[in-house]
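Overview (structure and organization)
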Amino acid sequence: MKSMTMEKSVAKQQKDGSGAPGPVVRASGLKKYFRRVDGTEAAAVNDVSFELQQGEFMVLLGPSGCGKTTLLRMVAGLEVPDEGTVEIDGRTVFSREEGISVPPERRQINMIFQSYALWPHMTVAQNVGYPLRSRSEKLSQSEIAERVANALDLVHIRELSGQYPDQMSGGQQQRVALARALVSGTNLVLFDEPLSNVDAHVREQLRSELVHMQRDLGFSAIYVTHDQQEAMGLAHRIAVMRTGEFAQVGSPREVYHEATSRYVANFVGVSNELPGRITSVNADDGVLDTAVGSVAGRVGSDLLAAGDAVTALFRPERASVSMLQGKQNSLPGVIEAALFLGPHTEYEVQCGDHRFRIWENDIAQLEVGAQVFVNISPDDVRLLAS
């Protein structure tokens, strides 16, 4: 294997066939192994490839231990991949094969951590200007002051330049961290679960502010989180991760409504499941036989065939509970619980051996113990391999 050198590539702006700028980040075949106590190796990241486009907000979503933070740290240069390549703005910053390993401080990226990592003894202006004072090429005090002022203007907190972090709200501290990330002029920001340490109300507020800032400033971002709502609210594209690999990549709407596996469907939101066997299937639709009746739905894989064990999945808000039987996908059951949750009532309906959660917006509440039907449109049922 070739020895790793400091930097062997020349920065260049890649172009696609149309002449448009290439991706901000291109990662290919990234792998990272960790050694267990018993001496065996586990793949934290297993052959992952992706591209981040100009102005795109990409979220890495998954449970603890799935590899999302390790992947982010490999892009940042804080973890060294065992295999693969990383390019940033067309410049190779890591290649095991070519022996290239550019250190983090020379990758022209910025990173925001869970705590925002603001110096408590520094003012806002001093915190934001810290990266400029630390760089190898020295800037004059007037140049630093001008860049700091411009960065604070971008995030709309110039009036707070003389305050200290403990004198500001969580949202204002987030803006300081973002201004510090943007002050050097690079447009790639990496976020490592920056909202995980705040309560739900503040997290919702900060998420909204971050959406507006990204839209206004247009920076490119990779954002790590285990929170599904956070991912749905922030992302242009979500990469759902499982055991070091991408289980599915797509827009929030695609990942939510067109899950390609039970894992993705259950991790991104709430799903009801009903197992059965395919009785008929074509390219787009299928029918399966279940213990509580025949169910039709959209096929989530082109590999399904008659006789296959399949699970029908549907979202609580896409089904309805009624005293009347529907024409198709109408499952008889009994209401076991009715929970008024403000925006909707959640019914727990027992259908044979299966209990479903159904969210209804009707003002009138059905009684516990009532004999009802769970009605679902075939368009709202996803048929996936069990």
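Higher on the page you've got the structure.
Everything in this summary refers to the structure shown in the same document.

Calculation notes
Residues numbered from 1 in each chain as written. Predicted model: local features only at pLDDT ≥ 70, side-chain atom pairs only at ≥ 80, totals over all residues. Heavy atoms only, no water. Helix = DSSP H or I, 4+ residues; strand = E, 2+ residues; numbered from the N terminus. Buried < 20%, exposed > 50% of the residue type's maximum accessible area, 1.4 Å probe, protein only. Contact = heavy atoms within 4.5 Å. Areas by Shrake-Rupley, 256 points an atom, 1.4 Å probe, with all protein chains shown as cover. Pairing = 2+ DSSP bridges. Axes fitted to C-alpha atoms, helices over the stretch in contact; angles between N-to-C directions. Core = buried A, V, L, I, M, F, W, Y, C linked by side-chain atoms within 4.5 Å. Parallel < 35°, antiparallel > 145°, perpendicular 65-115°, else oblique. Left-handed = near helix turned anticlockwise from the far one by under 90°. Nonpolar A, V, L, I, M, F, W, Y, C, P; charged D, E, K, R; others polar. Salt bridge = Lys/Arg side-chain N within 4 Å of Asp/Glu carboxyl O. Right-handed = clockwise from strand over helix to strand, strands pointing away.

Looking only at helices and strands, the chain has eight helices and 21 strands in total. Across its three principal axes, the chain shows a C-alpha extent of roughly 75 × 50 × 50 Å. Buried residues in the chain amount to 47% of all 386 residues. Once local pairs closer than 6 in sequence are excluded, the contacts in the chain between residues at least 24 apart make up 66%. Carbon and sulfur atoms form 49% of the exposed surface of the chain, whose accessible area is close to 18600 Å².

With that settled, the discussion passes to the sheet that holds strand β8 (residues 188-192). In spatial order, the strands read β7-β8-β9-β3-β10-β11; together these six strands make up an open sheet with mixed pairing. Every other strand in the sheet has two partners, leaving β7 (110-112) and β11 (245-250) as the edge strands with one partner each. Between one strand axis and the next, the sheet turns through 20° on average, direction left out of account. Bridging between β8 and strand β9 (residues 220-225) involves five bridges; their strand directions are parallel. Pairing of Leu190 across the sheet is with Ile222, part of β9. Relative to β7, helix α4 (residues 170-182) is tilted by about 165°, and along the sheet it contacts β7 and β8.

Within helix α2 (residues 124-134), burial applies to Val124, Asn127, Val128, Gly129 and Leu132. The inward-facing, buried residues of α2 contact α3 (141-154) and α4.

This brings us to the sheet that holds strand β20 (residues 371-376). Read from one edge of the open sheet, five strands run β16-β20-β17-β18-β19, paired in antiparallel fashion. Taken across any chain shown, the strands that pair with only one partner, and hence form the sheet edges, are β16 (319-322) and β19 (354-360). Across the sheet, the axes of successive neighbouring strands diverge by a mean angle of 40°, strand direction being ignored. Summarising the sheet, strand β17 (residues 330-340) and strand β18 (residues 345-351) pair through six bridges and their orientation is antiparallel. Considered in β18, the bridge of Phe340 is made with Thr345.

A word on the nonpolar core. Core analysis: the biggest nonpolar cluster contains 49 residues, and Val128, Leu178 and Phe191 have the highest contact counts within it. The element best represented in this core is α4, accounting for six residues. For Phe191, the contacting residues outside a window of four places in its chain are Phe57, Leu72, Ile112, Leu178, Leu210, Phe219, Ala221, Ile222, Tyr223 and Val224. Among the nonpolar cores identified, the runner-up in size contains 30 residues, and Val48, Val75, Met111 and Met241 belong to it.

Relative to the helices and strands, Met213 resides in helix α5 (residues 200-217). With 162 residues separating them along the chain, Met213 and Asn375 place their C-alpha atoms 42 Å apart. Once residues lying within four places of it in the same chain are set aside, the contact partners of Met213 are Val155, Gln174, Arg175, Leu178, Gly218 and Phe219.

Another point: the packing of α2 against α4. Where α2 contacts α4, the two axes come as close as 7 Å, and the packing angle between them is 30°. One element, α2, and the other, α4, form an angle in the roughly parallel class. The interaxial crossing formed by α2 with α4 has right-handed handedness. For the pair α2 and α4, the contacting residues are Val124, Asn127, Val128 and Pro131 in the first and Val176, Ala179 and Arg180 in the second. Tallied by class, residues from the contact of α2 with α4 come to five nonpolar, one polar and one charged.

Another aspect to go through is the pattern of salt bridges. All told, the structure shown has 15 salt bridges when counted by the stated rule. The residue Glu336 makes a salt bridge to Arg355 at a minimum N-O spacing of 3.9 Å. Here Arg355 lies in strand β19 and Glu336 lies in strand β17, a separation of 19 residues in the sequence. Glu346 is the partner of Arg357 in a salt bridge, and the nearest nitrogen-oxygen pair spans 3.1 Å. One end of the pair, Arg357, is in strand β19; the other, Glu346, is in strand β18, and 11 residues separate them in sequence.

The next subject is unusual backbone geometry. Phi is positive for His156, close to 65°, though the residue is something other than glycine. Despite not being glycine, Asn329 has its phi angle at roughly 55°, a positive value. Here Asn329 is to be found in the loop between β16 and β17.

Where a strand is regular, its side chains alternate between the two sheet faces. Most of β9 sits out of view: six of its six residues are buried. Side chains of β9 alternate between two faces, with Ser220, Ile222 and Val224 and Ala221, Tyr223 and Thr225 buried alike. Looking at chain direction, strand β3 (residues 57-61) and β9 are connected through five bridges and run parallel. Bridge pairing in β9 links Leu60 to Val224. Each parallel crossover has a hand, and for β8 linked through α5 to β9 it is right-handed.

The analysis is restricted to geometry; functional conclusions fall outside its scope.
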